Structures are given as structure tokens and as C-alpha cells.
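Below, each chain spelled out in residue letters.
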Amino acid sequence: MSCTAPPRGPRHRAGTAKVRIVDTAPGRGKRVSLTFDDGPDPVHTPRLLDVLAAHGVPAVFFVNGEQVDRHPEVVRRIVGAGHVLGNHSTRHDDMARWPAERVEADLRETQAAIARVVPDAAVPWFRAPYGAWGGTPAVAAGLGMTSVGWRLAVTDWEPPGVDELARRLCDGVTPGAVVLLHDGGGDRSQTVDAVARVVPVLRARRWRFVLPDGDVGGIGRC
């Protein structure tokens, strides 16, 4: 399953602190942040990692706990390549109306799955399945994670063809945009091919690829 409705920066309160959903990477100029949901996938994620490695592009992979348990070797490769993991729940359930205790248990389950595979990997980010936030950002903040939305969703969960996905990426990207894409949850071959086509085009146009906090992670060429 895939996310469907883009959030636009709502705020929630955790105690007296405001909890913001990030959809824009900080900094000036042409900066863009690629994020991938619903993996890891044993076929499409490795292909995507090859593409990102070829161009020195960092990304956040929002993983589902069940998929982590199924494909631990792919998770290790993601982290080993210098990318960052995000918590995308255990089974991709809509948690918008869940009580905080149930949300916390689910997120901890995913954190535990990740820790079993890559014990030293940081998981600084959270994204709610379907973009159905409810009270999840406050719970995630309590677990040390920042919630990440998006400013550009190319709707790759309904694959329209590589040409159209590439067009949506090239035409839709704006400075600082966090981009929602998918490496899991279905056949993501079109997404991988579109990323492979668009990344060199954006680089030629002097776009810089960063993480949602503006950093470049462990990818040294960005």
C-alpha cells in the first residue's frame, strides 16, 4: 500500500512543545530531498540503490517493520550505502484515530525490527502511512523522531509510465521540496527508471540532493 494525501505542515502539541511535520529541506538554492516509502523490496530497492550510488544521491527510506523482518539484507545495504532510515509503521495501517499508546507500541515494534538488523543505525524520521497523521507526530516526537511529510508526490503508486513520472518529477520539483516516492508496496520498476532518468537532468540544472534536515548523510559526493 502507498501514501495518498499530501499533508501541508499541520502542527500538533506534545506537552508544551509544538510538533511540526517537515515538508521542506532547509537552506537556500536548488535543494531537493528524495524519500522512498513502503520498502524494503528485494527487487526494486537494490536497483534503486544502484541508481542513487551512481549519482551520489542521499535519500531517506521509510521502511515498514514487517518488510524489515522479511528482507534484512536489503536494510543492511541501505544503511551501508550511507542512506537514512525512517519509521513507516509496522504493517502500513492507518493510525490516525489510534490512541497514543497503540501508536507508540506500533512504532516501537518497527524500531525493534530495525535494531535487530542494523543495531547502530539511527532512525531520526517518521512518516505516517497514507499521510494520515492524527496524533502520530507527537508520539513519534516522544520517541525521538521528526515527522516528515512531502511537498511533491508524483503519484507513483498508480504507475502512469516512466515518461510521465519523469515529467512530474522534473516539472514539479521546487527549491527545498521533500519528494514522496516508493520503492516498495508493488511494482516500482517505473519509479526506479524515472529516478535514473531525472537525477542526471536535475544535476545538470544544478540541483543539490539533501536529506530533509539539509544534510547529505553518508553520501560524500553530494
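If you're wondering where the values come from, they're calculated on a predicted model, not measured in any experiment.

## Digging into the overall build of the protein chain
Right, so step 1: Secondary structure summary: the protein chain contains 7 helices and 10 strands in total.
Right, so step 2: For the protein chain, the proportion of its 222 residues judged to be buried stands at 54%.
Right, so step 3: Across the protein chain, the fraction of contacts at a sequence separation of at least 24, relative to all contacts at a separation of at least 6, is 77%.
Right, so step 4: In the form shown here, the protein chain has an accessible surface area of approximately 9,300 Å², with 49% of it arising from carbon and sulfur atoms.
Right, so step 5: When the 28 basic and 25 acidic side-chain charges of the protein chain are each reduced to a single mean position, those positions are 9 Å apart.

## Let's talk about empty space enclosed by the protein
Right, so step 1: Per the stated rule, a full pass over the model turns up 1 cavity of 30 Å³ or more.
Right, so step 2: Its boundaries defined by the atoms lining it, the largest cavity holds a volume of some 40 Å³.
Right, so step 3: Around the largest cavity, the lining residues are L34, L169, L181, V195, V198, V199, L202 and F209.
Right, so step 4: No other element matches the 4 residues that helix α7 (residues 189–204) contributes to the lining of the largest cavity.
Right, so step 5: Partitioning the lining of the largest cavity into residue classes produces 8 nonpolar, no polar and no charged.

## Digging into the packing of aromatic side chains
Right, so step 1: The final tally for this structure, using the stated rule, is 2 aromatic pairs.
Right, so step 2: Ring centres of F36 and F61 lie 5.4 Å apart, and the angle between their planes is 25 degrees; on these two criteria the pair is classed as stacked. In this pair, F36 is assigned in strand β3 (residues 31–39) and F61 in strand β4 (residues 59–63), connecting sequence segments 25 residues apart. As far as the burial class goes, F36 and F61 line up, both buried.
Right, so step 3: With 6.0 Å between their ring centres and 80 degrees between their planes, F126 and W133 make a pair best called edge-to-face.
Right, so step 4: The exposure class of F126 is buried, given its relative accessible area of 0%.
Right, so step 5: The ring of W98 carries R102 above its face, with NZ or CZ at 3.7 Å from the centroid.

## A look at the packing of helix α1 (residues 44–55) against α7
Right, so step 1: Contact pair α1 / α7: the axes reach a minimum separation of 9 Å and the direction vectors enclose 5 degrees. Considering the angle they form, α1 stands roughly parallel to α7. Where α1 abuts α7, its residues H44, R47, L48, V51, L52 and H55 lie against S189, V192, D193, V195, A196, V199, P200 and R203.
Right, so step 2: In the contact of α1 with α7, the residues fall into 8 nonpolar, 3 polar and 3 charged.

## Comments concerning the nonpolar core
Right, so step 1: Formed by 50 residues in total, the largest nonpolar core has its most connected members in L34, F36 and F61.
Right, so step 2: Look past the residues within four positions of F36 in its chain and what remains in contact with it is L48, L52, A59, V60, F61, F62, L181, H182, D183 and V195.
Right, so step 3: Counting residues in each nonpolar core, the second largest holds 10 residues, with F62, V148, W150 and L180 among its members.

Conventions and cut-offs
- Residues numbered from 1 in each chain as written.
- Predicted model: local features only at pLDDT ≥ 70, side-chain atom pairs only at ≥ 80, totals over all residues.
- Heavy atoms only, no water.
- Helix = DSSP H or I, 4+ residues; strand = E, 2+ residues; numbered from the N terminus.
- Buried < 20%, exposed > 50% of the residue type's maximum accessible area, 1.4 Å probe, protein only.
- Contact = heavy atoms within 4.5 Å.
- Areas by Shrake-Rupley, 256 points an atom, 1.4 Å probe, with all protein chains shown as cover.
- Lys, Arg positive; Asp, Glu negative; His and termini not counted.
- Charge placed at Lys NZ, Arg CZ, Asp CG, Glu CD.
- 1 Å grid on protein atoms, 1.4 Å probe; cavity = no way out; pocket = protein on both sides within 12 Å on 5 of 7 lines; lining within 4 Å.
- Points joined across faces, edges and corners; volume = space filled by probe spheres on them.
- Nonpolar A, V, L, I, M, F, W, Y, C, P; charged D, E, K, R; others polar.
- Phe/Tyr/Trp six-rings, centres within 6.5 Å; stacked < 30°, edge-to-face > 60°.
- Lys NZ or Arg CZ within 6 Å of the ring centre and 35° of its normal.
- Axes fitted to C-alpha atoms, helices over the stretch in contact; angles between N-to-C directions.
- Parallel < 35°, antiparallel > 145°, perpendicular 65-115°, else oblique.
- Core = buried A, V, L, I, M, F, W, Y, C linked by side-chain atoms within 4.5 Å.

Purely spatial values, then, with no claim about function.
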